[in-house]
Amino acid sequence: MKSELRQDSHLRRTLVLLGMVAAMAAIFALDTLTEYAVAAAVFHTAIILVALRWFSPRTVIVITGICIVLTLASFALTPAGAYRTGLINTCISILAIAITAYLGLKMVTAQNAAHAARTQLLRMTQATSVGQLTASIAHEVNQPLAAIVTSGNACQRWLAQQPPNLDKAGQALGRILADAQRASEVIVRMRGMARGDAPHKQAFDLNEAVREMLRLSQAELDKRSVLVEADLASGLAPAFWDRVQFLQVLGNLLLNAMDAMQDVPPQRRRIGVATQALGQQLVLTVSDAGHGLSPSAQSHLFDAFWSTKSQGMGLGLNICRHMAEANGGRIWATDREDGASGAVFHVTMATAARERA
Ligand SMILES: Nc1ncnc2c1ncn2[C@@H]1O[C@H](COP(=O)(O)OP(=O)(O)OP(=O)(O)O)[C@@H](O)[C@H]1O
Ligand SMILES: [Mg+2]
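## Some points on the environment of Thr100
So, step 1. Position of Thr100 relative to the elements: it lies in helix 4 (residues 83–160).
So, step 2. Separated by 103 residues in sequence, Thr100 and Ala203 place their C-alpha atoms 67 Å apart.
So, step 3. Contact partners of Thr100, with chain neighbours within four places excluded, come to Thr45, Ile48, Leu49 and Leu52.
So, step 4. Of the polar contacts made by the side chain of Thr100, one reaches the backbone oxygen of Ala96; its length is 2.6 Å.

## Regarding helix 7 (residues 243–260)
So, step 1. Helix length check: helix 7, at 18 residues, gives a terminal C-alpha distance of 26 Å against a target of 26 Å (1.5 Å per residue), a fit within 8%.
So, step 2. Among the residues of helix 7, the N-terminal cap falls to Asp242, whose side-chain oxygen and the backbone nitrogen of Val244 are separated by 3.1 Å.

## Some remarks on the nonpolar core
So, step 1. Counting 49 residues, the largest nonpolar core has Phe246, Leu254, Ile271, Phe345 and Met349 as its most contacted members.
So, step 2. For this core, the element with the highest residue contribution is helix 7, accounting for nine residues.
So, step 3. When residues of this core are sorted by domain, at least three fall in each of domain 2 (133–195) and domain 3 (201–356).
So, step 4. Those residues in contact with Met349 that sit more than four places away from it in its chain are Phe204, Leu206, Ala239, Trp241, Phe246, Gln281 and Leu282.
So, step 5. Of all hydrophobic cores here, the second largest spans 16 residues; its members include Ile47, Phe55, Cys67 and Leu105.

## Some points on the pairing of strand 4 (residues 270–278)
Side-chain positions along a regular strand alternate between the two faces of the sheet.
So, step 1. Where strand 2 (residues 227–232) meets strand 4, six bridges bridge the pair, whose relative direction is parallel. Counted as the bridge partner of Leu232 is Thr275 from strand 4.
So, step 2. Taking the residues that link successive antiparallel strands as the turn, the strand 4-strand 5 (residues 281–288) hairpin has two residues, and the phi of Gly279 there is positive, at about 60 degrees.

## Side note on the sheet that holds strand 6 (residues 330–335)
So, step 1. Read from one edge of the open sheet, five strands run 2-4-5-7-6, paired in mixed fashion. Only two strands of the sheet have a single partner each, and these edge strands are strand 2 and strand 6. If you compare each strand with its neighbour and ignore which way they point, the axes differ by 15 degrees on average.
So, step 2. Pairing of strand 6 with strand 7 (residues 343–350) involves six bridges; the strand directions are antiparallel.

## Considering unusual backbone geometry
So, step 1. Here the amide bond leading from Gln162 into Pro163 is cis, since omega sits at -5 degrees, within 30 degrees of zero.
So, step 2. Mapped onto the secondary structure, Pro163 falls in the loop between helix 4 and helix 5 (166–195).
So, step 3. We note that Ser225 has phi near 55 degrees; this positive angle belongs to a residue other than glycine.
So, step 4. By the element assignment, Ser225 lies in the loop between helix 6 (206–223) and strand 2.
So, step 5. Phi is positive for Phe305, close to 65 degrees, though the residue is something other than glycine.
So, step 6. Looking at where Phe305 falls in the secondary structure, it is placed in the loop between helix 8 (295–300) and helix 9 (316–326).
So, step 7. Using a relative accessible area of 49% as the deciding quantity, one classes Phe305 as partly exposed.

The rules we used
- Residues numbered from 1 in each chain as written.
- Chains lettered and ligands numbered in written order.
- Predicted model: local features only at pLDDT ≥ 70, side-chain atom pairs only at ≥ 80, totals over all residues.
- Heavy atoms only, no water.
- Helix = DSSP H or I, 4+ residues; strand = E, 2+ residues; numbered from the N terminus.
- Contact = heavy atoms within 4.5 Å.
- Polar contact = N/O pair within 3.5 Å; in protein donor to acceptor, adjacent residues only side chain to side chain.
- Expected span 1.5 Å × (residues − 1).
- Core = buried A, V, L, I, M, F, W, Y, C linked by side-chain atoms within 4.5 Å.
- Buried < 20%, exposed > 50% of the residue type's maximum accessible area, 1.4 Å probe, protein only.
- Domains from an automatic or database assignment.
- Pairing = 2+ DSSP bridges.
- Axes fitted to C-alpha atoms, helices over the stretch in contact; angles between N-to-C directions.

Laid out in structure tokens, this is it:
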């Protein structure tokens, strides 16, 4: 296919070159056979313009040289007319040919430079997006991978018992498979998000999804001695979001809440997760008893790569905001209303009923 295209372009250039040679010969003949007063050589400028479109700068310079030589030759061979006029016309023609070639070549060089700059910019943008995508995937699969390791360790312990507890080991294996599946779904979503694909919205039970994420985070919550108090409203209309992305958002909010309470005594480490209906929307809130939001955190929370943690990437909330907005929702943070220290994150979600309306 590629070689066919190359042949095609080669053929076209050969035809253009033949056409140009014929045109140059015709101009030369016209310029030579007419009187000095007829400055037919100036038409060589058209030849230069065509050459600029089809050939390399070096070929254009050669063609320009040939045009000038032909102009001089036809001046020498012209049999009749006022010599002085002929001389002036020849000089004007040569000047016109040279200026056309010079300006044309400058324009081509500028166009090439602009093209090269555009290509470089595109490559830089792609490299940045690839870097961001890599960082985002690494961030989002970290949680399922950590869960896989925890369940893998548990599975090993159950198998090492005498006699082995196959039931428990089987359950741990089940969790490993579920987490591996989640990690692969997360990668698909992150790649889709980087490509600008629309989220895979579906109607689902919000409370059920919250319970699933709490189950998935249980090992991490236990490790950090954090208690979760869930206040899930009953009778909620189904949420209409990308369910995998919802789990990612909640997972990130839970992790941040746990991080914020690192220096709080274990007995006060509590996360509140609540769902409620607000008009035709659903609202999820995640509150903690951590250090709360500093004024600078308030204004930068959702910026990419903004983090106050030594090990933080500063991507979690940025990803959450992208996902919330792509699903037609909103995410924001406030201080706790009860005056206690801590932050509250709110996420609004459309319901399936509203989406149909
Ligand atoms: N619940 C919270 N309480 C107080 N500050 C928070 C809370 N959640 C986030 N922040 C602040 O917002 C910053 C950005 O959070 P984000 O989740 O985007 O990145 P990160 O947690 O620092 O790193 P990572 O990319 O690994 O998630 C945090 O570094 C922290 O300063
Ligand atoms: Mg985070």
